[in-house]
There are 2 protein chains.
Amino acid sequence: MTEPALATLTRLRTACSQCNLRELCLPVGLSADELQTLDNLVSTRRKVRRGDSLFYGGEPFSALYAVRYGFFKSTLTSGDGREQVTGFYMAGELLGMDGIGGDRHTCTLTALEDSEVCVMPFARVEDLSRNFEPLQRHFHKVLSREIVRDQGVMMLLGSMRAEERLAAFLVNLSQRLTARGFSASEFVLRMTRDEIGSYLGMKLETVSRLFSRFQEDGLIEVHQKHVRILDIGGLKRVMAQAQSAP
Amino acid sequence: MTEPALATLTRLRTACSQCNLRELCLPVGLSADELQTLDNLVSTRRKVRRGDSLFYGGEPFSALYAVRYGFFKSTLTSGDGREQVTGFYMAGELLGMDGIGGDRHTCTLTALEDSEVCVMPFARVEDLSRNFEPLQRHFHKVLSREIVRDQGVMMLLGSMRAEERLAAFLVNLSQRLTARGFSASEFVLRMTRDEIGSYLGMKLETVSRLFSRFQEDGLIEVHQKHVRILDIGGLKRVMAQAQSAP
DNA sequence: CGACCCGCTTGACCGGGATCAAGCGGCCGG
DNA sequence: CCGGCCGCTTGATCCCGGTCAAGCGGGTCG
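Calculation notes
Residues numbered from 1 in each chain as written. Chains lettered and ligands numbered in written order. Predicted model: local features only at pLDDT ≥ 70, side-chain atom pairs only at ≥ 80, totals over all residues. Heavy atoms only, no water. Near = heavy atom within 4 Å. Polar contact = N/O pair within 3.5 Å; in protein donor to acceptor, adjacent residues only side chain to side chain. Helix = DSSP H or I, 4+ residues; strand = E, 2+ residues; numbered from the N terminus. Contact = heavy atoms within 4.5 Å. Buried area = accessible area lost by both parts, 1.4 Å probe. Salt bridge = Lys/Arg side-chain N within 4 Å of Asp/Glu carboxyl O. Nonpolar A, V, L, I, M, F, W, Y, C, P; charged D, E, K, R; others polar. pLDDT = per-residue confidence, 0-100. Buried < 20%, exposed > 50% of the residue type's maximum accessible area, 1.4 Å probe, protein only. Domains from an automatic or database assignment.

### A few points about the protein's contact with DNA strand D
Right, on to step 1. Around DNA strand D lies a shell of 18 residues, among which A:Ala162, A:Thr206, B:Arg193, B:Ser208 and B:Ser212 are the nearest.
Right, on to step 2. At the protein interface, 64% of the atoms of DNA strand D within 4 Å belong to sugar or phosphate.
Right, on to step 3. A:Lys203 places a main-chain nitrogen or oxygen 3.3 Å from a phosphate oxygen of DNA strand D.
Right, on to step 4. Between a phosphate oxygen of DNA strand D and a side-chain N or O atom of B:Arg193, the distance comes to 2.7 Å.
Right, on to step 5. Only helix H7 (204-216) of chain A together with helix H7 (204-216) of chain B provide two or more residues apiece to the surface near DNA strand D.
Right, on to step 6. The element contributing the most residues to the surface near DNA strand D is H7(B), with 5 residues.

Set out below in structure tokens:
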């Protein structure tokens, strides 16, 4: 393949209108025509190696990022050094929205496997939003959904027991993977037990023990990072099993 | 006072440019000129009696609300009926952003004292945003700050001990009251122990016991809903006291 | 290909906060 | 002004999940 041909291919693949993630990403719900307008939303791509960070808490904010492929965690570090995992992000999801409010990022985004993101300079996002109502509407929805997602986590952490939280986590993961065309029942965890634990407000030993318990109960099969869901209905039942005694 | 004069007064007071909350509310940071542009952002006012709800989870979304005076809690109800308090809101804060993403509200907003809000039809917010860059920028910041706030709560719930959470809650409350010109050290809690507990992921008995402990330790004085903060530095120390043993 | 390190599992024990229970008192409505 | 109820406090006990500890195994890097 000659050099110019390669460049063209890359250019083509950079366009939102050609991206196979458009059904999951910022341009959700736009018509083919409308999508053309977005083709200069993304300035560049950026690869992030496993273990490297896309940005750090405290860094100046300048752009949003859409995950093309890979897997990220976001972490918040408190004054006294404690680290809290605040989310996991996969293909088509938007990163960096925490930075808009204070012009610097509040959390750190770290790749849990080799990943690539689309870089969308925020000034450009706002420009296009002002001139292109469908994008504006959708961008607001994405921001709002992040708020709703966070509130869901608050409910998880505030009112559910450890086993309910882990079941909810697995169900959520399975659903998001399904939406991306992966198997709903068999997947590889990209994060460690410690990271799951931090996200769910429990210790890594508890995560490990609960995985074992779920396995004994025939709900899942676990082998290190490999998980196979055997009984999704059972997991959903665990997740909602509020002490239902009279 | 004649009827027309009263109407005029009301009209005047409805304008953002005349509102004494503008430093806390949506129009933060706008010049006097720019503020004029916002004067038709607010369609009406709405009073909400203590105990009544501004909107319920599941209701169609149509507007954002800015608190003029009063105090609100937001709650999320899970499938199995458990209720989680996800936030408390006071004058100048924006309500209803959870509804943008799915065109219906996900949480319920209930007044904890007699309150009043400005109603801002969301279509109008988006219209004005498209034509008025400073509002757009600020609106995005408000949305982002809500995300950051929620992440802070996730850190609270996920990685702090009960006494650290309650200390953080009191410090936060004190700071927000100060910003509104109230005493930083003496205030009346508008919410019950149960509501504080739900928000902080603990039981009402634990909240009560911790209040008593803080009082014994000379950090605060509590008498039912009356709280006086005696040692804000001490509270901040409790809040960050990660097990700092070697 | 092989060794080492890191992440995972599992056990034993402990303790913070939940649960259950009882009594008090402030506030609201009659 | 008075009675009742709801919200708060406090005690006793329990148990879930944290902590400490030890060993294993698999993936990664030399």
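The structure having been displayed, the exposition proceeds.
### Examining the interface of chain A and chain B
Many structure descriptions define interface size as the accessible area lost when the parts assemble.
Right, on to step 1. In this assembly, 49 residues from chain A lie in contact with 49 residues from chain B.
Right, on to step 2. With both chains or domains summed, chain A and chain B bury close to 4300 Å², and 57% of this area falls on carbon and sulfur atoms.
Right, on to step 3. Area buried by chain A at its contact with chain B is led by A:Arg82, A:Arg130 and A:Met154, which between them contribute 18% of it.
Right, on to step 4. Taken together, the connections running from chain A to chain B amount to 8 salt bridges.
Right, on to step 5. Across the chain A-chain B interface, the total number found is 27 residue pairs in polar contact (both at pLDDT 80 or more).
Right, on to step 6. Counting residues per element, the ones that place at least two in the side of chain A that touches chain B are strand E4 (83-90), helix H3 (122-131) and helix H4 (133-159) of chain A.
Right, on to step 7. Of all the elements, H4(A) adds the most residues to the side of chain A that touches chain B, at 21 residues.
Right, on to step 8. Partitioning the side of chain A that touches chain B into residue classes produces 19 nonpolar, 16 polar and 14 charged.

### What about the confidence of the model for chain A?
Right, on to step 1. Counting all residues, the mean pLDDT for chain A is 89, and 92% of those residues have values of 70 or more.
Right, on to step 2. Low confidence marks residues 6-12 of chain A, where pLDDT is under 50. Its contacts with residues over four positions away, or in another chain, come to 2 contacts.

### Some thoughts on helix H6 (residues 193-200) of chain B
Residue and element names in this part refer to chain B.
Right, on to step 1. The buried fraction of H6 is high, at 7 of 8 residues.
Right, on to step 2. Buried within H6 are the following residues: Arg-193, Glu-195, Ile-196, Gly-197, Ser-198, Tyr-199 and Leu-200.
Right, on to step 3. Once H6 ends, the next one or two residues include Gly-201, with phi positive near 70°.

### Observations regarding the domain arrangement of chain A
All names here are of chain A.
Right, on to step 1. Each domain of chain A was delimited in the assignment, giving domain 1 (3-131) and domain 2 (160-239).
Right, on to step 2. For domain 1 and domain 2, the distance between their C-alpha centroids amounts to 26 Å.
Right, on to step 3. Across the boundary between the two partners, domain 1 contributes 15 residues, which contact 12 residues of domain 2.
Right, on to step 4. Here domain 1 meets domain 2 over a buried area of about 1200 Å², counting both sides, of which 59% is carbon and sulfur.
Right, on to step 5. Our count for the contact surface shared by domain 1 and domain 2 stands at 4 salt bridges.
Right, on to step 6. Between domain 1 and domain 2 we count 7 residue pairs in polar contact (both at pLDDT 80 or more) in total.
Right, on to step 7. Of all the elements in the fold, those that place two or more residues in the side of domain 1 that touches domain 2 are strand E3 (63-77), E4 and strand E6 (108-121).
Right, on to step 8. Among the elements that line the side of domain 1 that touches domain 2, the one with the most residues is E4, at 8 residues.

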